[in-house]
Amino acid sequence: MPIELVATEAKRQMEVRLSRRLHEVANQRIWFDERPGPIRVDVRFDDGGRVLIDLGPGLGKLSNTPDMEDLESLLINTFDLELADQVTHHGISFLFDGKDMYFYHPEERPPPPRQRARMRSWPRVVLSPGHGHYRLYGQKDSYSWVFQRTEQHGVQEDVITMEYARLLKEEMSQRPGMLTPRLTRLDWDLTHAETRKPWSYISARYYLAWEYPENPEIWHSLPEDKTKGRERLEDIRSRPLFANHIGADALVHLHTNAEPSGKVRGARAYHYKDSPESKKLADSLLCGLKEVIRAQPKYKDFQIDDESRNDGDYGENRLAAMPSALVELAFHSNEKDAAALLDENFKRAAVSGLTKGVQLYMDGEGCEPFVVTEVGQGSGYIHSNATMIFSYKGSPRPPVIFNFEEIGCNPSAAECMSQQDSRDIEPSPMIYYGLRCPGVPGVRKYRLTLIDRDGVASSPVEGEVNCKYSHY
Ligand SMILES: [Zn+2]
């Protein structure tokens with residue numbers, strides 16, 4: 001039920017219950033080295049159906065820190081778990097004593113959105129694998145290199161995001177009409193001298209510093225910041241700043257999700273709330289993911305959101321001047337989701353689905369499910385090939401398997417029209433030539449199913465072919 005339809009008193013009770021629960025979750029650990037202490041959480045539904053979570057005035061100054069992004073993400077995931085789909089809302093915003101983060105950090109305001117370069121034939125996509133090793137400062141100027149996430153169920157988010165980015169880069173560069181995407185981290189297995197770790201483990205900030213030494217505004221955007229986690233914050237910021245620098249047409253962040261109960265599952269996407277183009281990109285990515293992942297029998301029920309969310313204030317999206325979407329492929333805090341993330345079939349499907357989502361968005365096309373909408377009566381001569389015409393919707397990836405199965409014929413009598421072949425699919429309506437009429441004349445009924453290269457199948461439709469005697 002939409003939150004707007006909930007009675008005032010019931011809404012009030014929900015606010016109280018959710019405030020208490022989020023307060024409890026937020027205070028299970030200590031956040032913010034700079035200002036450790038109890039965190040106040042106040043949940044309210046505004047008149048427009050948006051959720052406002054107020055964390056009080058003291059954290060306003062820290063509203064742009066990576067710790068805050070983690071705290072917000074924890075509260076968003078807990079909030080959704082608590083509501084358990086009983087009530088829907090229009091997104092979650094965080095406030096600090098009634099004011100948004102720009103009150104405390106006017107410099108964090110997003111750049112004016114650039115319209116998508118329409119009809120650009122070779123769009124430049126930036127892929128940003130989330131997290132990676134960074135320098136965490138301690139006493140004085142001492143520091144240690146650490147991952148940004150902890151490993152759960154065999155998944156180290158900092159590393160697996162790079163694996164997906166590599167596969168995605170390869171997949172996208174093989175598709176017609178697409179340039180090889182740029183990555184915000186180095187995908188080679190060269191050794192990073194300082195850490196003795198592969199470069200692919202290192203976060204974007206250091207790779208971009210190495211690649212663009214003359215442009216510290218990309219990777220050292222907060223020279224005044226003296227906090228211990230300053231380079232992690234610069235890492236987050238460096239991703240959209242790099243995409244802005246090279247004038248990218250789209251930015252896709254790859255992440256895996258986490259949440260303390262271990263119960264929450266599925267794929268989600270996030271966009272910045274004031275960027276409708278980013279929402280279109282993010283929705284298209286989810287749609288592509290859904291179609292291809294669910295086409296795999298093992299993942300036919302895998303949970304994937306229908307629509308991108310605009311909760312929170314992820315700097316990775318906010319600072320981008322182009323459409324930008326953050327994809328959370330699955331929850332590595334859930335055992336089954338983690339196993340999926342590590343499964344080669346899931347990886348392949350996810351990468352193919354994301355490629356499809358980007359491609360459809362770039363082509364300005366909606367993402368529609370693959371269905372055969374109409375089949376005309378076909379005709380042909382016995383012992384020869386018949387022609388039939390059909391219409392379809394969606395964006396199947398060639399080659400497509402055409403599976404004709406005659407209804408009610410006797411296969412052993414060798415007079416069945418059933419056949420299967422694989423060929424390119426032409427724009428709808430398509431004329432199919434090559435359906436074999438057997439030696440016996442008559443109107444034959446068949447069932448047609450199309451299966452594309454990703455395993456995406458249209459639901460079966462029935463049609464007829466009139467097989468006639470030849471003139472000769
Ligand atoms: Zn992440």
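Structure: above.
Computed from a predicted structure; not experimentally measured.

The rules behind each value
- Residues numbered from 1 in each chain as written.
- Predicted model: local features only at pLDDT ≥ 70, side-chain atom pairs only at ≥ 80, totals over all residues.
- Heavy atoms only, no water.
- 1 Å grid on protein atoms, 1.4 Å probe; cavity = no way out; pocket = protein on both sides within 12 Å on 5 of 7 lines; lining within 4 Å.
- Points joined across faces, edges and corners; volume = space filled by probe spheres on them.
- Nonpolar A, V, L, I, M, F, W, Y, C, P; charged D, E, K, R; others polar.
- Domains from an automatic or database assignment.
- Helix = DSSP H or I, 4+ residues; strand = E, 2+ residues; numbered from the N terminus.
- Disulfide = S-S within 2.5 Å.
- Buried < 20%, exposed > 50% of the residue type's maximum accessible area, 1.4 Å probe, protein only.
- Pairing = 2+ DSSP bridges.
- Core = buried A, V, L, I, M, F, W, Y, C linked by side-chain atoms within 4.5 Å.
- Contact = heavy atoms within 4.5 Å.
- Donors = N, O, S within 2.8 Å, 3.2 Å for Na, K, Ca; no water.
- Arc of directions from axis to C-beta.
- Polar contact = N/O pair within 3.5 Å; in protein donor to acceptor, adjacent residues only side chain to side chain.
- Salt bridge = Lys/Arg side-chain N within 4 Å of Asp/Glu carboxyl O.

Turning next to the layout of surface pockets. If you add up the space inside the largest pocket, you get close to 980 Å³. Of the residues assigned to the lining of the largest pocket, the class counts are 14 nonpolar, 14 polar and 16 charged. There are two domains that each give the lining of the largest pocket at least three residues, and those are domain 1 (3–102) and domain 2 (110–362). In this structure, the second largest pocket spans a volume of roughly 750 Å³. Considering the residues around the second largest pocket, the lining is formed by 27 residues, among which Asp80, Asp85, His89, Asp305 and Arg309 are closest to the centre. In terms of residue count, helix 2 (residues 66–83) provides more of the lining of the second largest pocket than any other element does, 3 residues in total. Classifying every residue of the lining of the second largest pocket gives 7 nonpolar, 8 polar and 12 charged.

So, on to the state of the cysteines. The final tally for this structure, using the stated rule, is 3 disulfides. The partner cysteine of Cys287 in its disulfide is Cys367, sulfur to sulfur 1.9 Å. One quick way to see it: the torsion about the S-S bond of Cys287 and Cys367 is about -80°, and its sign makes the bridge left-handed. Of the two residues, Cys287 is situated in helix 8 (residues 276–294) and Cys367 in the loop between helix 11 (344–362) and strand 13 (371–375); the sequence distance between them amounts to 80 residues. Judged by relative accessible area, which is 23%, Cys367 ranks as partly exposed. Here Cys409 connects covalently by a disulfide to Cys416, the sulfurs 1.6 Å from one another. Across the S-S bond linking Cys409 and Cys416, the dihedral sits near 85°, which makes this disulfide right-handed.

Our next topic: the sheet that holds strand 10 (residues 250–257). Each strand in a sheet pairs with its neighbour through backbone hydrogen bonds, running either in the same direction (parallel) or in the opposite one (antiparallel). Pairing within the open sheet is mixed, and its 5 strands lie in the order 7-4-10-12-11. At either end of the open sheet lies a strand with only one pairing partner, and these are strand 7 (182–183) and strand 11 (268–270). The pairing of strand 4 (residues 125–129) with strand 7 spans 2 bridges and is classified as parallel. What sits directly across from Leu127, in strand 7, is Leu183.

This paragraph deals with the nonpolar core. Formed by 64 residues in total, the largest nonpolar core has its most connected members in Tyr164, Ile293, Phe302, Phe346, Phe390, Leu435 and Leu450. Sorting elements by how many residues they give to this core places helix 11 first, with 8 residues. Counting residues domain by domain, this core receives three or more from each of domain 2 (110–362) and domain 3 (371–468). Once residues within four sequence positions are removed from consideration, Tyr164 is found in contact with Leu254, Leu329, Ala340, Leu341, Phe346, Lys347, Ala350 and Val351. By size, the runner-up hydrophobic cluster in this structure holds 36 residues, among which are Val6, Val25, Phe45 and Met101.

Protein-derived ligands of the zinc ion are His131 (NE2), Glu157 (OE) and His255 (ND1), with the metal-ligand distances lying across 2.1 to 2.2 Å. Look at where the donors of the zinc ion fall in the sequence and you get H-x25-E-x97-H. Of this pair, His131 sits in the loop between strand 4 and strand 5 (134–137) while His255 sits in strand 10, and the two are 124 residues apart along the sequence.

For the rest of this paragraph, the subject is empty space enclosed by the protein. Scanning the entire structure with this criterion turns up 2 cavities of 30 Å³ or more. Each pocket or cavity is described by its volume, and for the largest cavity that value is around 80 Å³. Forming the walls of the largest cavity are 14 residues, and the residues nearest its centre are Asn64, Glu69, Asp313, Gly315 and Arg318. For the lining of the largest cavity, the elements supplying multiple residues, two or more each, are helix 2, helix 7 (230–245) and helix 9 (315–318).

In this fold, Ile236 is placed in helix 7. Residues Ile236 and Ser173, 63 residues apart in the sequence, show an inter-C-alpha distance of 25 Å. Ignoring any residue separated from it by four or fewer positions in sequence, one finds Ile236 in contact with Pro66, Glu69, Gly315 and Glu316.

Here we take up helix 10 (residues 335–342). Residues of helix 10 that are buried include every one of Asp337, Ala338, Ala340 and Leu341, and no others. Buried residues of helix 10 fall within an arc of 155° about the axis and therefore sit on the same side. Across from the buried face of helix 10, at angles greater than 90 degrees, the exposed residues are Glu335 and Lys336. At its buried positions, helix 10 is contacted by helix 4 (157–174), strand 10, strand 12 (324–331) and helix 11. Near the N-terminus of helix 10, the side chain that reaches the backbone nitrogen of Lys336, with its oxygen 2.9 Å away, is that of Asn334.

All right, on to the pattern of salt bridges then. Overall, the coordinates contain 42 salt bridges when judged by the stated rule. Across the salt bridge formed by Arg268 and Asp80, the nearest N and O atoms sit 3.9 Å from each other. On the criterion of sequence distance, the pair formed by Arg268 in strand 11 and Asp80 in helix 2 is long-range, its members being 188 residues apart. Asp80 matches Arg268 in its accessibility class, with the two residues each being buried. Salt-bridge contacts for Lys347 lead to Glu344; the nearest nitrogen and oxygen are separated by 3.3 Å. With Lys347 and Glu344 both in helix 11 and 3 residues apart, this pair spans about one turn of that helix. Residue classification places Lys347 among the buried residues on the basis of a relative accessible area of 6%.

With that out of the way, let us pick up the pairing of strand 12. Counting buried residues in strand 12 gives 8 out of 8 residues, a clear majority hidden from the surface. Here 6 bridges tie strand 10 to strand 12, and the two strands are oriented parallel to one another. The partner of Leu251 across the bridge, within strand 12, is Ser324.

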